[in-house]
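Letter by letter, the chains look like this.
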Amino acid sequence: MPRARTIFLETFGCQMNQLDSELVRGQLGALGYSFTPDASAADVVLFNTCSVREQAENKVLSRVGRIGQRKRQGERVVLGLIGCLAERQGMPLLSRYPQIDLLCGPGELDRLPMLIDNALKTETVDAADRVALAGNRSRRSTTLAAVDDNLELLDLSRAFDPDGGSGRARRSAYVRITRGCNKFCTYCVVPFTRGAEVHRTPDAIVQECRRLVDGGVVEITLLGQTVNHYVYTHGAAIGVNGQEVPQVGPGGSAFTRSGPHPANGQRVTTFADLLGRIHEEVPSLRRLRFVTCYARDFGDDILRVMRDCPRICRYLHVPAQSGSDRILRLMNRGYSCGEYLDFIDRARDLLPDVSIAGDLIVGFPTETEQDFEQTAHLLRRVRFKNNFIFKYSPRPGTTAWDRLPDDVPTEVKRQRNNDLLALQSTISTAVHAEQVGRTVEVFVEGVSRKGVPTAPGGVELAWERPRGRIQMSGRTAGDLITVFTLPQGRTPESLEGQIVPVRVIEAASLVLFGCLEASTRPLAEQMTVVPKGDGLRPRLPSLKCPKPLTLHLD
Ligand code: SAM
Ligand code: SF4
């Protein structure tokens, strides 16, 4: 029997890439390939790449350089670049880095097995047999139906094995609802690398969620670049077999504040409808979340579904990017700071306990101190639980690259980045502190990798606990990272993938510290209802936690 070929796959970048890698693994595994965590032992090395910032590209290219050295020393290994960098830089990569054997864009991953097969069989392959890029032949379409869409088959062929063959249960999964993006923010490569917005059919999404949950998944995160733009018009996109197929999105103009415009009387499934369907039709799903939200066109219908469906997490990742109207216009974000705040206020009116996170870019072309101050003001006003803060990175091919000077000096970008990080850290600490004394439901992800996090200024935060005890880490429904000590007599495996009640004892900027409540049954199941006067009230089991926090200065 021929030896199974082994593949090393490393993933860079966002959740979309992580999901793509998972699907690639399933696809190649089904064809008999095995995977190794050791790049030097692999027949095929694949990098699933990110192009959003220059730094992400440089990281991959230095890996490509190392594989080049191995190949020059006579090693036989197939090197493939998949994902956004492959799509963005395209064919010139092959002449600049002759060690690269194949390129595959994120919109062509269904063709990856063919490319790998070609590369393994012969050393001299035509470019046509080693490259699959959307390029000009993008899946952008003038019709509603994205019928040629074999990519959908890749999503549908997903392996429904929650432990992913690793023997270790994985209880959290991503489900794609929309591919691509129609927004064309002036700094961003995504619409070029991932193509136009294509929405999957609601039935395919619900079925995928159901199968994942039947396989043991506890938490599902729906993925799209602007999830609230999800809309599916029924009857408009039908495949050759008479079934509904993925559909090109109508663009932002199809939306109002209360949701999409009715499409000539046609039945549509909106994002709110989709959330409601998954919540009702997959009742064993314990947690449903979604990323990323777009501050414009986020209807109250979605907020009401979040309010009314208890298993939908009250968490919004809704990037603002800037607090300056002038910069938002240059970014082509399509909303003003006031409109962003209006959305936050509406969300908090309907969901007072909603947890809000975001993304910000500092040093965008022409950003002044005054623009920057407006962003800092936005942070204080919204009280985000956290923000991913990026220094502007000019990306070839984008409008900002073509039309705006990268005129904020590197040192100023760095300083503004640090200033915002420090401000966000103070805000995050205050937001986290509101949880102290409460019992929160934590989805346990595993043993805490970092041990006890260090707060800015080198202050290590910890509370009195037996030395050498394992720390477990997980997330609340509002996505707050929570660390607690593994109780004696329990193994990490007995808690991983469970949702457990944790009493919060202390808070830092990045993390809550707590202790496991007496029972590890989910909070809702632990509540015993006892009659009280005019109604019923829940009673929680009481417990004693270790003494609260001491500060250890390094
Ligand atoms: N679709 C999401 C949205 O609109 O908010 C964001 C997706 S993007 C891949 C993730 C984040 O990367 C963005 O929110 C933005 O803050 C950051 N980003 C994108 N392009 C960037 C650039 N050229 N320089 C710096 N940060 C960038
Ligand atoms: Fe990029 Fe803007 Fe689309 Fe987000 S909405 S992926 S930032 S173009």
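Predicted, not measured: the structure shown is a model, and the values here were computed from it. (Residues numbered from 1 in each chain as written. Chains lettered and ligands numbered in written order. Predicted model: local features only at pLDDT ≥ 70, side-chain atom pairs only at ≥ 80, totals over all residues. Heavy atoms only, no water.)

Caption draft 1: Main features of the sheet that holds strand β5 (residues 102–104). Ordered by their spatial adjacency, six strands build an open sheet running β2-β1-β3-β4-β5-β6, and the pairing between neighbours is parallel. Lying at the two open borders of the sheet, with one neighbouring strand each, are β2 (34–35) and β6 (131–132). The sheet contact formed by β5 and β6 spans two bridges and is parallel. Directly across from L103, in β6, lies its bridge partner V131. Helix α2 (residues 54–72) contacts β1 (6–11), β3 (44–49) and β4 (78–83) of the sheet and is inclined by roughly 165° relative to β3. Along the sheet, helix α5 (residues 112–121) makes contact with β1, β3, β4, β5 and β6, crossing β5 at roughly 180°. (Pairing = 2+ DSSP bridges. Helix = DSSP H or I, 4+ residues; strand = E, 2+ residues; numbered from the N terminus. Contact = heavy atoms within 4.5 Å. Axes fitted to C-alpha atoms, helices over the stretch in contact; angles between N-to-C directions.)

Caption draft 2: The arrangement of the side chain of N228 in detail. Its place among the elements puts N228 in the loop between β10 (219–223) and β11 (231–233). The exposure class assigned to N228 is buried, which follows from its relative accessible area of 2%. A distance of 2.9 Å separates a polar atom in the side chain of N228 from the backbone nitrogen of Y294. At a separation of 3.1 Å, a polar atom in the side chain of N228 contacts the main-chain carbonyl oxygen of R296. Non-local contacts of N228, meaning those with residues more than four positions away in its chain, are made with F255, F271, T292, C293, Y294, R296, D297, F298 and I302. (Buried < 20%, exposed > 50% of the residue type's maximum accessible area, 1.4 Å probe, protein only. Polar contact = N/O pair within 3.5 Å; in protein donor to acceptor, adjacent residues only side chain to side chain.)

Caption draft 3: Local environment of the site of ligand 2. In the neighbourhood of ligand 2, the contacting residues comprise C181, K183, F184, C185, Y187, C188, V190, P191, Q225, T226 and R333. Residue classes in the shell around ligand 2 are distributed as seven nonpolar, two polar and two charged. (Near = heavy atom within 4 Å. Nonpolar A, V, L, I, M, F, W, Y, C, P; charged D, E, K, R; others polar.)

Caption draft 4: Up close: the side chain of T398. Here T398 shows up in the loop between β19 (386–391) and α15 (399–403). A distance of 3.4 Å separates the side chain of T398 from the backbone oxygen of T186, its partner in a polar contact. For T398, the residues in contact, after removing those within four places along its chain, are T186, Y187, C188, V189 and F192.

Caption draft 5: Geometry of the pairing of strand β16 (residues 287–291). The element β16 is extensively covered by neighbouring structure, given that five of its five residues are classed as buried. Because side chains alternate across β16, one face comprises the buried residues R287, R289 and V291, and the other comprises L288 and F290, equally buried. Sheet topology places β10 next to β16; five bridges connect them, and they run parallel. Among the inter-strand pairings, T221 is bridged to a residue of β16, identified as R289.

Caption draft 6: Region of the structure containing the confidence of the model for the chain. This prediction gives the chain a mean pLDDT of 86; 82% of its residues lie at or above 70. Contacts of residues 165–169 to residues separated by more than four positions or lying in other chains number five contacts, the stretch itself having pLDDT below 50. Of the regions scoring below 50 in pLDDT, residues 522–544 engages in 33 contacts with residues more than four places distant in sequence or in other chains. (pLDDT = per-residue confidence, 0-100.)

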